[in-house]
Amino acid sequence: MQLFYAPEITLPCYTLSEEESKHCIRVLRMGCGDELHITDGRGTMYRCKIVDDNVKRCTVEVISTEHEYEKMSYGLSIGIAPTKNIDRLEWFLEKATEVGISEIYPLLCDHSERKEIKHEREERVITSAVKQSLKAYHPTLHELTPVRKLMAMPFEGEKFIAHCNSELGEREYLGKLLKKGGNTLILIGPEGDFSPEEINFALQNGFKAISLGKERLRTETAALVATVVTATINKM
């Protein structure tokens, strides 16, 4: 199954972008009559047949449509402080997309080491992972968001903040608190952790303090563990 991403797909025929056309015809060596799949990233999977194998303007005809293709039974939003080494953040974006995630909020925190990201570049990382893992849903990557702004935003679901400061009260393991089938927002801080002020602000805004286990994890590892634990609980 070859999957292409086209949020602006039209029916009954659609012409792939020049880049995707080259990949389809030159790299994959597909031609007229061959079938491929396209997703709009919003849950619809289109089965298509190539009707014009032009290397710059490959045109396909939609044969069948499947809505809500492998839709997750839960919603997961992760807020994560971008790592100093951007490769680590991109590793998380790739793996979280493969496992299953709805939204990613890059966070600007008191102890942030990185205070900007290249949004288009990170979108491409996610898109590549969507295609590789045959997903019909493209996770939403938000702009860099001040953590207190996100903490104060309305959210319909459970809200958690993972931190390592044992002086600020008890922290329950995430797996013991999660409920199946709901929406979950989990915040993961920078390598220097959230500041005490940020943690207290989160608790005042309805977040629950959580642990991800006894191990001390890097930011991107902690975020992936939170993603995997959430997926595991919801698929049990």
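Structure: above.
Remember, it's a predicted structure, so these values are computed and weren't measured experimentally. (Residues numbered from 1 in each chain as written. Predicted model: local features only at pLDDT ≥ 70, side-chain atom pairs only at ≥ 80, totals over all residues. Heavy atoms only, no water.)

**Observations concerning the packing of helix α2 (residues 86-99) against helix α7 (residues 219-235)**
Viewed as axis vectors pointing N to C, α2 and α7 meet at an angle of 5 degrees, and their least axial separation amounts to 9 Å. In this view, α2 runs roughly parallel relative to α7, as classed from their interaxial angle. For the pair formed by α2 and α7, the contact residues are Arg88, Trp91, Phe92, Lys95, Ala96 and Val99 on the first element and Glu220, Thr221, Ala223, Leu224, Thr227, Val228, Ala231 and Lys235 on the second. For the contact of α2 with α7, the per-class residue count stands at eight nonpolar, two polar and four charged. (Axes fitted to C-alpha atoms, helices over the stretch in contact; angles between N-to-C directions. Helix = DSSP H or I, 4+ residues; strand = E, 2+ residues; numbered from the N terminus. Parallel < 35°, antiparallel > 145°, perpendicular 65-115°, else oblique. Contact = heavy atoms within 4.5 Å. Nonpolar A, V, L, I, M, F, W, Y, C, P; charged D, E, K, R; others polar.)

**Some thoughts on the pairing of strand β6 (residues 75-80)**
In terms of burial, β6 is a largely internal element, six of the six residues being buried. Of the strand pairs in this sheet, β6 and strand β12 (residues 183-188) are connected by six bridges, and their pairing is parallel. Residue pairing in the sheet places Leu76 in a bridge with Thr184 of β12. As defined by bridge partners, β6 adjoins strand β7 (residues 103-108) across four bridges and the pair is classed as parallel. Pairing of Ile78 across the sheet is with Ile104, part of β7. Note that the unit made of β6, α2 and β7 has a crossover that is right-handed. (Buried < 20%, exposed > 50% of the residue type's maximum accessible area, 1.4 Å probe, protein only. Pairing = 2+ DSSP bridges. Right-handed = clockwise from strand over helix to strand, strands pointing away.)

**A short note on the sheet that holds strand β2 (residues 13-15)**
Strand order in this open sheet of five strands is β1-β3-β4-β5-β2, and the pairing throughout is mixed. Edge positions in the sheet fall to β1 (3-5) and β2, since each has one partner strand and no second. With strand direction ignored, the average angle separating the axes of adjacent strands in the sheet is 40 degrees. Where β1 and strand β3 (residues 35-39) come together, three bridges link them in parallel fashion. Bridging across to β3, Leu3 finds its partner in His37. Of the strands in this sheet, β1, β3 and β4 (45-52) are in contact with helix α1 (residues 18-27), which crosses β1 at around 170 degrees. Contacting β1 and β3, helix α3 (residues 119-132) crosses the sheet at an angle of about 150 degrees to β1.

**Notes on the state of the cysteines**
Taken as a whole and judged by the stated rule, the model has zero disulfides. Cysteine Cys13 shares no disulfide, and the gap to the nearest cysteine sulfur, in Cys48, comes to 9.2 Å. Since its relative accessible area comes to 37%, Cys13 is described here as partly exposed. The thiol sulfur of Cys24 is not disulfide-bonded, and the nearest other cysteine sulfur, from Cys58, lies at 4.2 Å. (Disulfide = S-S within 2.5 Å.)

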